[in-house]
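One-letter residues, chain by chain:
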Amino acid sequence: LYTDKETAFIREYSTNAADAHVEAGCPERPIEITLPSRFNLEFKCRDFGPALSHEDVQNIFAFYGESTKRNTNEQTGMLGIGSKSAFAYGDNYVINSYIDGMRHTYNAFIDDTQVGQISLLSSVESDEESGLEIVIPVRGEDVETIKTKANSVFTYFKTKPIVNGNQLPEEQNEVLYSGADWKYISRDDSSYHRSGDAVVIMGNIGYPIDTDQLKLTDENSELANLANANLLLEIPLGDVEISASREGLQYTDYTIKNLTTKLKEVSIKIAKEVEKSFVECETVWQAKVLASELFSYQGKLHAIQHFVK
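Bear in mind the structure is a predicted one, so any value in this text is a computation, not a measurement. (Residues numbered from 1 in each chain as written. Predicted model: local features only at pLDDT ≥ 70, side-chain atom pairs only at ≥ 80, totals over all residues. Heavy atoms only, no water.)

*Asks:* What is the right way to read the packing of aromatic side chains from this model?
*Replies:* Given two aromatic rings, their pairing is described by the distance between the two centres and the angle made by the two planes. Under the counting rule described, the total for this entry stands at 5 aromatic pairs. When the ring of Phe87 is compared with that of Tyr93, the centres are 5.2 Å apart and the planes differ by 65°; the resulting orientation is edge-to-face. Just as Phe87 is buried, Tyr93 falls in that class too. Ring plane angle 90° and centroid distance 5.3 Å describe the contact between Phe154 and Phe157, whose orientation is recorded as edge-to-face. In this structure Phe154 comes out as buried when scored by relative accessible area, which is 4%. Pairwise contacts between aromatic rings join Phe9, Phe43 and Tyr89 into one cluster. In this structure, Arg29 is placed above the aromatic ring of Phe48, and the distance from its NZ or CZ to the ring centre is 4.0 Å. (Phe/Tyr/Trp six-rings, centres within 6.5 Å; stacked < 30°, edge-to-face > 60°. Buried < 20%, exposed > 50% of the residue type's maximum accessible area, 1.4 Å probe, protein only. Lys NZ or Arg CZ within 6 Å of the ring centre and 35° of its normal.)

In structure tokens, the structure reads:
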């Protein structure tokens, strides 16, 4: 199901943890992530959401298609696949469930028949807060890869996780223009997808837009420039459709219609913001510099020149 095994488990367990905080009424509380290092080859994801009983753990982590999020657009998951994503990387991981002053530790593993199993290893008293912790053993050669991919995943989180262990770099992106649900940025390629991909952010996950899949008509052809620009679009959950793996968008008629509408709206807003910048120029030189950013091929605003020319 997953083409990128490391990104899959980082994304799925982290967004599940963030969803747990939404369900618990504390969406602004950060989840806690521990990245692996040479001295501790484990990836950990800890939330402080609703406690899970023994039956909950068995149902959610043992059955494909089992999900608690089918009837809401407030949470990211729905298909019940992400909670098993560690099996895309390896054949074993640990679930710690903190509930009623106890810590119940489970081993999720693939048995000799290639069937996933969950076994309760221990139940001990604990003074930790209720919630869930996922612990995934990782290979030593993957430590830096996981750090890089975690940085890419967490770039789009509205509430940034607390990251323990291997620290992530600070963002280096300059916001050139922005609105309530969009940003046009000067992008640092080390932490975002390659320059030239607009990104849809939905439910803490960033999905690069594939311009070819938008099937833009001649009437809307200039929107391709915006879809290939350094643009971040925040879209409510459910407004576009995604693949089962959550690795990309599904370009159904519904998705194409909503994305095209959103790009049109943003193009008008960007034009107004740039026009405002010209009005605020105090000298001809400032206006010339701004015009150069628009009409020079190397300019930061080159991709949006068609909307303001």
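*Asks:* Mind showing me how you'd approach unusual backbone geometry here?
*Replies:* Trans is the common state for peptide bonds, and a negative phi is the common state for residues other than glycine. Here the phi dihedral of Asp100 falls at roughly 50°; this positive angle occurs in a residue that is not glycine. Mapping Asp100 onto the fold places it in the loop between β3 (92-99) and β4 (102-110). With relative accessibility at 71%, the residue Asp100 sits in the exposed group. For Asn204, which is not a glycine, the phi torsion comes out positive at approximately 70°. Topologically, Asn204 is positioned in the loop between β10 (199-202) and β11 (205-208). Asn204 sits in the buried class, given a relative accessible area of 18%. (Helix = DSSP H or I, 4+ residues; strand = E, 2+ residues; numbered from the N terminus.)

*Asks:* Hey, could you run me through the nonpolar core in this one?
*Replies:* The nonpolar side chains of a soluble globular protein tend to be buried with one another. Formed by 34 residues in total, the largest nonpolar core has its most connected members in Tyr184, Val200, Ile209, Leu231, Leu259, Ile270 and Ile304. Secondary-structure elements contributing two or more residues to this core are β9 (182-186), β10, β11, α4 (223-227), β12 (231-234), α5 (253-280) and α6 (284-295). Element by element, the count of residues in this core is highest for α5, at 7 residues. Setting aside chain neighbours within four positions, we find Leu259 in contact with Val200, Ile209, Leu214, Ile235, Val240, Leu249 and Tyr251. Residues Leu52, Ala86, Ala108 and Phe154 belong to the second largest nonpolar core, which totals 32 residues. (Core = buried A, V, L, I, M, F, W, Y, C linked by side-chain atoms within 4.5 Å. Contact = heavy atoms within 4.5 Å.)

*Asks:* Teacher, can you tell me more about the sheet that holds β3 here?
*Replies:* In a beta sheet, neighbouring strands pair by backbone hydrogen bonds and run either parallel or antiparallel. As summarised here, the arrangement of the 7 strands in space is β5-β4-β3-β6-β2-β1-β7, forming an open sheet in which the pairing is mixed. The strands lining the two open edges of the sheet, one partner per strand, are β5 (116-125) and β7 (162-165). On average, each strand axis in the sheet is inclined to that of its neighbour by 15°, with strand direction left out of account. Bridge count between strand β2 (residues 42-46) and strand β6 (residues 131-137): 5 bridges; the pairing is antiparallel. Bridge assignment links Phe43 to a residue of β6, and that residue is Ile136. (Pairing = 2+ DSSP bridges. Axes fitted to C-alpha atoms, helices over the stretch in contact; angles between N-to-C directions.)

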